[in-house]
Amino acid sequence: QVQLVESGGVLVQAGGSLRLSCAASGSILNINVMGWSRQAPGKQRDLVARIISGGMTNYADSVKGRFTISRDIAKNTVYLQMNSLKPEDTAVYYCYAISPYNGDYYWGQGTQVTVSS
């Protein structure tokens, strides 16, 4: 099992910046893919960004150029740096990790990000 704990979600004004953290513990050896998703009220959960071992990253079109995902392997932590925030970025942000053995997703409990206009 993998445990993921997110932190850093707060209320911020539009145009501001925020960094989310996701601390991983448990059976994290060989976890190759980690990332962030978000879910706004009444909407489905969408993938925001992911990082693969070796450093390759992918982003949703809506956040490209504004968000940056990074991973500190020594700290078992994944970060999401969010700049130029918009009200439409308001959502609960979830960290995830993908099992390399069966493809199962592990999810954190989520952290609320609210961007005021």
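First, a word on what this report is: a plain description of the structure on this page. (Residues numbered from 1 in each chain as written. Predicted model: local features only at pLDDT ≥ 70, side-chain atom pairs only at ≥ 80, totals over all residues. Heavy atoms only, no water.)

**Thoughts on the state of the cysteines**
Let me state the cut-off plainly: Here, the term disulfide refers to a pair of cysteine sulfur atoms separated by no more than 2.5 Å. The numbering of helices and of strands both runs from the N terminus, where a helix is a DSSP run of H or I of at least 4 residues and a strand a run of E of at least 2. Using a 1.4 Å probe on the protein chains alone, a residue whose accessible area is under 20% of its type maximum counts as buried, one over 50% counts as exposed, and one in between counts as partly exposed.
Taken as a whole and judged by the stated rule, the model has one disulfide. Disulfide pairing places Cys-22 opposite Cys-95 at an S-S distance of 2.0 Å. Judged by the torsion about the S-S bond (-75 degrees), the Cys-22/Cys-95 disulfide is left-handed. Of the two residues, Cys-22 sits in strand S3 (residues 18-26) while Cys-95 sits in strand S9 (residues 91-98), which places them 73 residues apart along the sequence. Residue class for Cys-95 comes out buried when judged on its relative accessible area of 0%.

**Observations regarding the pattern of salt bridges**
Where we set the bar: What counts as a salt bridge is simple: a side-chain nitrogen of Lys or Arg found within 4 Å of a carboxyl oxygen of Asp or Glu.
Counted under the stated rule, the structure contains three salt bridges. Across the salt bridge formed by Asp-89 and Arg-38, the nearest N and O atoms sit 2.9 Å from each other. Within this pair, whereas Asp-89 is found in the loop between strand S8 (77-82) and S9, its partner Arg-38 is found in strand S4 (residues 33-39), the two being separated by 51 residues in sequence. Given a relative accessible area of 0%, Asp-89 falls into the buried group. Here Arg-38 falls in the buried class, since its relative accessible area comes to 12%.

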